[in-house]
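One letter stands for each residue in the lines below.
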Amino acid sequence: SRAVAGAPPPRSLWSLSLVLLAVVSFAYVGAETALTIFAVPWAMLVGREASVGQFAISTLWFGLLAGRLGMLVVRRPLGAGFLALSGAASAAVLGAAIACDVTRVELAMLLAGIALGAVYPVLIGLAGARFPEASGTAAGLVAGAGALGGFVVPWLAGELGDARGLRVAVLGVALLSLLLAGAAAALR
């Protein structure tokens with residue numbers, strides 16, 4: 001038995017905190033995947049070559065790496081407030097790029113990647129910290145919600161793009177980043 005005499009009973013894994021962590025993961029992986037898929041069509045939409053869109057995929061992923069490496073400089077624990085800021089920053093970058101009809105898709109993707117870069121490691125760390133008595137299960141459930149987002153979001157965003165245009169689909173990803181921010185803010 002895990003129970004220790006005199007210790008408080010373990011907190012239930014099934015809680016609002018777990019749901020909010022799962023929503024953040026779903027939104028993050030969904031946004032990351034959808035942006036990767038939309039890079040080439042977005043570049044072509046604004047009059048650039050397909051090769052620019054391919055380069056934009058690399059700048060997105062370089063931004064994600066840079067955001068994660070930036071955690072090494074911070075040297076303090078990052079929490080739900082940081083996740084909320086990350087989601088809001090990504091939404092602002094994507095929304096502004098679409099609203100201003102930016103042709104430098106690769107720069108917008110780089111900035112969105114930097115904004116979102118540290119989300120996943122911080123998220124998985126928070127899942128373990130919030131549920132120390134079941135950290136592996138919590139992290140696994142949160143990661144699974146991300147995998148679901150990676151499957152569902154690009155599909156739905158593609159449907160939205162086919163029906164309403166690519167700009168609307170990218171704005172949908174910006175709104176997903178706001179969902180990430182809102183769920184993370186609710187965790188605080």
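Up top is the structure.
Definitions and cut-offs
Residues numbered from 1 in each chain as written. Predicted model: local features only at pLDDT ≥ 70, side-chain atom pairs only at ≥ 80, totals over all residues. Heavy atoms only, no water. Axes fitted to C-alpha atoms, helices over the stretch in contact; angles between N-to-C directions. Helix = DSSP H or I, 4+ residues; strand = E, 2+ residues; numbered from the N terminus. Parallel < 35°, antiparallel > 145°, perpendicular 65-115°, else oblique. Left-handed = near helix turned anticlockwise from the far one by under 90°. Contact = heavy atoms within 4.5 Å. Nonpolar A, V, L, I, M, F, W, Y, C, P; charged D, E, K, R; others polar. Salt bridge = Lys/Arg side-chain N within 4 Å of Asp/Glu carboxyl O. Buried < 20%, exposed > 50% of the residue type's maximum accessible area, 1.4 Å probe, protein only. Patch = residues over 30% accessible without salt bridge, like charges linked within 9 Å, V, L, I, M, F, W, Y side chains within 5 Å. Areas by Shrake-Rupley, 256 points an atom, 1.4 Å probe, with all protein chains shown as cover. Expected span 1.5 Å × (residues − 1). Core = buried A, V, L, I, M, F, W, Y, C linked by side-chain atoms within 4.5 Å.

Caption draft 1: Geometry of the packing of helix H1 (residues 16–45) against helix H3 (residues 80–99). Contact geometry for H1 and H3: axes closest at 12 Å, N-to-C directions at 25°. Classified by the angle between their axes, H1 and H3 sit roughly parallel to one another. Helix-helix and strand crossings are classified by hand; for H1 and H3 the assignment is left-handed. The segment H1 lies against H3, with Val24, Leu35 and Trp42 engaging Leu83, Leu94, Ala97 and Ile98. Grouping the amino acids of the contact of H1 with H3 by side-chain chemistry returns 7 nonpolar, no polar and no charged.

Caption draft 2: Expanded view of the pattern of salt bridges. Enumeration according to the criterion identifies 3 salt bridges in this entry. A salt bridge links Glu106 to Arg48; its shortest N-O distance comes to 3.2 Å. Residue Glu106 is found in helix H4 (residues 105–116), and its partner Arg48 is found in the loop between H1 and helix H2 (50–74); the two are separated by 58 residues along the sequence. Given a relative accessible area of 8%, Glu106 falls into the buried group. Here Arg167 and Asp101 are joined by a salt bridge, their closest N and O atoms 2.7 Å apart.

Caption draft 3: Seen up close, a nonpolar patch on the surface. A contiguous nonpolar surface patch, about 550 Å² in accessible area, is contributed by Phe62, Leu65, Leu69, Leu72 and Val73. If you trace the backbone, Val73 turns up in helix H2.

Caption draft 4: Up close: the packing of H3 against helix H7 (residues 166–187). For the pair H3 and H7, interaxial distance at closest approach is 7 Å and the crossing angle is 165°. Classified by the angle their axes make, H3 and H7 are roughly antiparallel. H3 and H7 meet at a crossing whose hand is left-handed. For the pair formed by H3 and H7, the contact residues are Ala80, Leu83, Ala84, Gly87, Ala88, Ser90, Ala91, Leu94, Gly95 and Ile98 on the first element and Arg167, Val170, Leu171, Val173, Ala174, Ser177, Leu178, Leu180, Ala181, Ala184, Ala185 and Leu187 on the second. Residue classes in the contact of H3 with H7 are distributed as 17 nonpolar, 4 polar and 1 charged.

Caption draft 5: Inspection of helix H5 (residues 119–130) at higher detail. Under the 1.5 Å per step criterion, the end-to-end length of H5 is 16 Å for 12 residues, consistent within 8% with the ideal 16 Å. The inward-facing, buried residues of H5 abut H1, H2, H3, H4, helix H6 (135–164) and H7.

Caption draft 6: Spatial organisation of unusual backbone geometry. Positive phi outside glycine occurs at Arg75, with the angle close to 60°. In this fold, Arg75 is placed in the loop between H2 and H3. The exposure class of Arg75 is exposed, given its relative accessible area of 75%.

Caption draft 7: Spotlight on the environment of Met109. Topologically, Met109 is positioned in helix H4. Counting along the chain gives 45 residues from Met109 to Leu64, while the straight-line C-alpha distance between them is 9.7 Å. Excluding residues within four positions of it along the chain, Met109 makes contact with Leu35, Thr36, Ala39, Trp42, Ala56, Thr59 and Leu60.

Caption draft 8: Quick peek at the nonpolar core. The biggest cluster of nonpolar side chains holds 52 residues, and the ones touching the most others in it are Leu21, Val24, Phe38, Trp42, Leu83 and Met109. Those elements that place two or more of their residues in this core are H1, H2, H3, H4, H5, H6 and H7. Broken down by element, this core gets its largest block of residues, 13 residues, from H1. With sequence-adjacent residues up to four places away left out, Val24 is seen in contact with Leu83, Val119, Leu123, Leu180, Ala183 and Ala184.

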